[in-house]
Every structure is written in structure tokens, then in C-alpha cells.
Amino acid sequence: MTRVFFVVDSQEDNEEIFETFGEAEQQYNKLGDKPRLYVALVKNAYKEPESGIWNYEDMADTFEIIKVLLPVDY
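Report follows, based on the coordinates. (Residues numbered from 1 in each chain as written. Predicted model: local features only at pLDDT ≥ 70, side-chain atom pairs only at ≥ 80, totals over all residues. Heavy atoms only, no water.)

## Digging into the pattern of salt bridges
The condition is simple: Salt bridge, as applied in this entry: a Lys or Arg side-chain nitrogen positioned within 4 Å of an Asp or Glu carboxyl oxygen. A helix here means a DSSP run of H or I that spans at least four residues, while a strand means a run of E at least two residues long, and both kinds are numbered starting from the N terminus. For the exposure calls, accessible area comes from a 1.4 Å probe over protein chains only, and a residue counts as buried if that area is under 20% of its type's maximum, exposed if over 50%, partly exposed in between.
Following the criterion strictly, the structure yields 3 salt bridges and no others. Notably, a salt bridge pairs Arg36 with Asp9, separated by 2.9 Å at the nearest N-O pair. Residue Arg36 is located in strand S3 (residues 36–42), and its partner Asp9 is located in strand S1 (residues 3–9); the two are separated by 27 residues in the primary sequence. Asp9 carries the same exposure label as Arg36, and that label is buried.

Given below as C-alpha cells:
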């Protein structure tokens with residue numbers, strides 16, 4: 001499944017996907033190692049059966065960045 005998500009990544013952490021900007025912004029603010037927050041098409045996204053949290057299959061073409069939101073000068 002391909003869906004649009006807010007994605008937060010950093011030099012030290014894997015990409016995390018969120019349905020809302022607010023959730024993504026909270027994660028972004030927790031990271032101190034030059035994180036980035038962007039809107040992306042996430043291919044192979046699925047909901048974890050037990051938690052209902054969105055996750056994704058990690059493949060080379062999983063993320064197609066639409067727009068980087070933070071940091072502004074990225």
C-alpha cells in the first residue's frame with residue numbers, strides 16, 4: 001500500500017512515519033542530531049496488527065519525498 005505520511009528522520013535514527021503533522025513535530029523536537037521532517041509517499045506501508053501503528057517494509061524505494069518541511073533551510 002502507498003500512502004502519504006509525515007516522516008521524521010535523522011542521522012542517528014531510522015525514519016518514523018506519522019499520520020499527523022502534530023505527532024511528527026513532537027518526534028522532530030525530541031531529536032537533537034539535525035533531524036528532518038518531510039511529507040512523503042511511503043510505499044509498502046502497513047498497520048501493525050497488535051498496536052495499529054503504521055510501519056513500512058524497508059526497501060530501496062520506500063520513500064518518495066514530496067516536500068521537506070523542517071528544517072526550513074534544508
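## Regarding the side chain of Ser10
Formally: Throughout this description, a polar contact denotes any pair of N or O atoms lying within 3.5 Å of each other; where both atoms belong to protein, one of them has to be capable of donating a hydrogen while the other can accept it, and for residues adjacent in sequence the pair is counted only when both atoms sit in side chains. In what follows, residue pairs with any heavy atoms lying within 4.5 Å of each other are defined as contacts.
Following the sequence through the fold, Ser10 ends up in the loop between S1 and strand S2 (16–18). Here the side chain of Ser10 touches Asp33 through a polar contact of 3.4 Å, side chain to side chain. If near-sequence neighbours (up to four positions away) are discounted, Ser10 is found in contact with Leu31, Asp33, Lys34 and Pro35.

## Quick look at the sheet that holds S1
Pairing between the strands of a sheet is mediated by backbone hydrogen bonds and can be parallel or antiparallel. For clarity, the threshold we go by: If DSSP finds at least two bridges between two strands, the strands pair. For every element, the axis is a line fit to its C-alpha atoms; helices are fit only across the contacting stretch, and the angle between N-to-C directions ranges from 0 to 180 degrees.
Read across the open sheet, the 4 strands follow the order S2-S1-S3-S6; overall the sheet is antiparallel. The open sheet terminates on both sides in strands that have one partner only, identified here as S2 and strand S6 (63–70). Looking at each pair of strands side by side, their axes are set apart by 35° on average, direction ignored. Examined bridge by bridge, S3 and S6 share 6 bridges and lie antiparallel to one another. Of the residues in S6, the one forming a bridge with Val42 is Phe63.

## Re the nonpolar core
Quick reminder of the rule: The criterion is simple. A nonpolar core is a set of buried Ala, Val, Leu, Ile, Met, Phe, Trp, Tyr and Cys residues joined through side-chain atoms within 4.5 Å.
Counting 10 residues, the largest nonpolar core is built from Phe5, Val7, Ile17, Tyr38, Ala40, Val42, Ala45, Trp54, Tyr56 and Phe63. Among the elements of the structure, S1, S3 and strand S5 (54–56) are those that each provide at least two residues to this core. If one sorts the elements of this core by residue count, S3 sits on top with 3 residues. Not counting residues up to four positions away in its chain, the partners in contact with Phe63 are Val7, Glu15, Ile17, Tyr38, Ala40, Leu41, Val42 and Tyr56.

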